[in-house]
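If you want the building blocks of each chain, they are given just below.
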Amino acid sequence: MISVIIATISYFLGGCSNLLDELVLTTKRVKHFLTYAFMMGITAAIALVLAPFVYYDVSFSEIVLYAAIGFTFLAALTGYYYAFAKEEATRVVPIVVGFQPLLVLIFSRYFLNQPLRGNELVAFLLLVVGGVLISIKKDGVSKSAGILIIAFLVALFFAAENTLFKYAFHDG
């Protein structure tokens with residue numbers, strides 16, 4: 001029961017974050033989506049400033065892995081904010097949230113050798129189909145098709161980041 005409450009709270013907070021991102025990008029408080037992506041990405045780099053004050057034995061391969069995680073996250077954020085600048089969050093978020101679990105499933109299966117079975121696989125497929133159906137506009141497909149491709153690429157980068165995190169903290 002506690003996991004349902006935590007999941008509900010996390011989706012609520014994620015929705016609030018998406019709403020704030022859209023408000024910042026659509027009210028033109030930030031002139032360009034790349035500026036906003038840079039500002040969000042640079043906050044993650046603050047950890048590098050603090051690194052000399054913390055003793056942690058890190059190998060070169062771990063540094064490369066952590067850098068890859070950071071770059072995939074920044075690429076995902078850049079695409080995400082670009083999509084927000086071009087389309088409503090209510091169209092973009094369901095596509096990303098729909099495709100991301102399926103892509104994590106594929107990456108986990110082929111790169112980490114962790115397959116899903118039975119009902120778990122059906123749940124993933126329903127998530128993807130629902131996300132695509134929610135995001136399609138009634139007045140036309142042309143703009144939605146472009147956003148679908150961009151949002152899919154964003155989901156791809158977020159899925160790669162999640163899979164790399166899983167590898168780094170469980171397998172690496």
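Student: Can you help me understand the overall build of the protein in this one?
Tutor: A tally of regular secondary structure across the protein gives seven helices and zero strands. The linear arrangement of helices and strands in the protein, starting from the amino end, is α-α-α-α-α-α-α. Split into buried and exposed, the 172 residues of the protein put 30% on the buried side. For the protein, restricting intrachain contacts to residue pairs at least 6 apart in sequence, the fraction spanning at least 24 positions comes to 80%. Just so you have it, the protein exposes about 11,400 Å², and 73% of that area is on carbon and sulfur atoms.

Student: I keep staring at helix 5 (residues 89-111) and nothing clicks. Help me out?
Tutor: For the α-helix, the turn length of 3.6 residues means that residues three or four positions removed from each other point alike. When the terminal C-alpha atoms of helix 5 are compared, their 31 Å separation across 23 residues agrees well with the 33 Å that a helix rising 1.5 Å per residue should span. Looking at the residues trailing helix 5, positive phi occurs at asparagine 113, about 55 degrees.

Student: What is the right way to look at the packing of aromatic side chains in this model?
Tutor: In this description, a pair of aromatic rings is defined by centroid distance and the angle of the planes. This model, assessed by the stated rule, comprises seven aromatic pairs. Aromatic pair tyrosine 66 and phenylalanine 169: ring centres 6.5 Å apart, planes at 20 degrees, arrangement stacked. Here the residue tyrosine 66 occupies a position in helix 4 (residues 60-86), and phenylalanine 169 occupies one in helix 7 (residues 142-171), the gap between them amounting to 103 residues. Relative to phenylalanine 152, the ring of phenylalanine 99 has its centre 5.0 Å away and its plane inclined at 90 degrees; by these criteria the two rings are edge-to-face. Here phenylalanine 99 is found in helix 5, whereas its partner phenylalanine 152 is found in helix 7, with 53 residues between them in sequence. A relative accessible area of 30% places phenylalanine 152 in the partly exposed class.

Student: Sorry, what's going on with the side chain of serine 108 here?
Tutor: When you line up the elements, serine 108 lands in helix 5. Aside from chain neighbours lying at most four places away, what touches serine 108 is Asn113, Gln114, Thr163 and Lys166.

Student: Help me understand the nonpolar core in this model?
Tutor: Nonpolar side chains in soluble globular proteins generally cluster together in the buried interior. Counting 27 residues, the largest nonpolar core has Tyr80, Tyr81, Phe84, Val92, Val96, Phe99 and Phe158 as the members making the most contacts within it. Elements with a minimum of two residues in this core: helix 2 (33-44), helix 4, helix 5, helix 6 (119-135) and helix 7. The leading source of residues in this core is helix 5, at ten residues.

Criteria and thresholds
Residues numbered from 1 in each chain as written. Predicted model: local features only at pLDDT ≥ 70, side-chain atom pairs only at ≥ 80, totals over all residues. Heavy atoms only, no water. Helix = DSSP H or I, 4+ residues; strand = E, 2+ residues; numbered from the N terminus. Buried < 20%, exposed > 50% of the residue type's maximum accessible area, 1.4 Å probe, protein only. Contact = heavy atoms within 4.5 Å. Areas by Shrake-Rupley, 256 points an atom, 1.4 Å probe, with all protein chains shown as cover. Expected span 1.5 Å × (residues − 1). Phe/Tyr/Trp six-rings, centres within 6.5 Å; stacked < 30°, edge-to-face > 60°. Core = buried A, V, L, I, M, F, W, Y, C linked by side-chain atoms within 4.5 Å.

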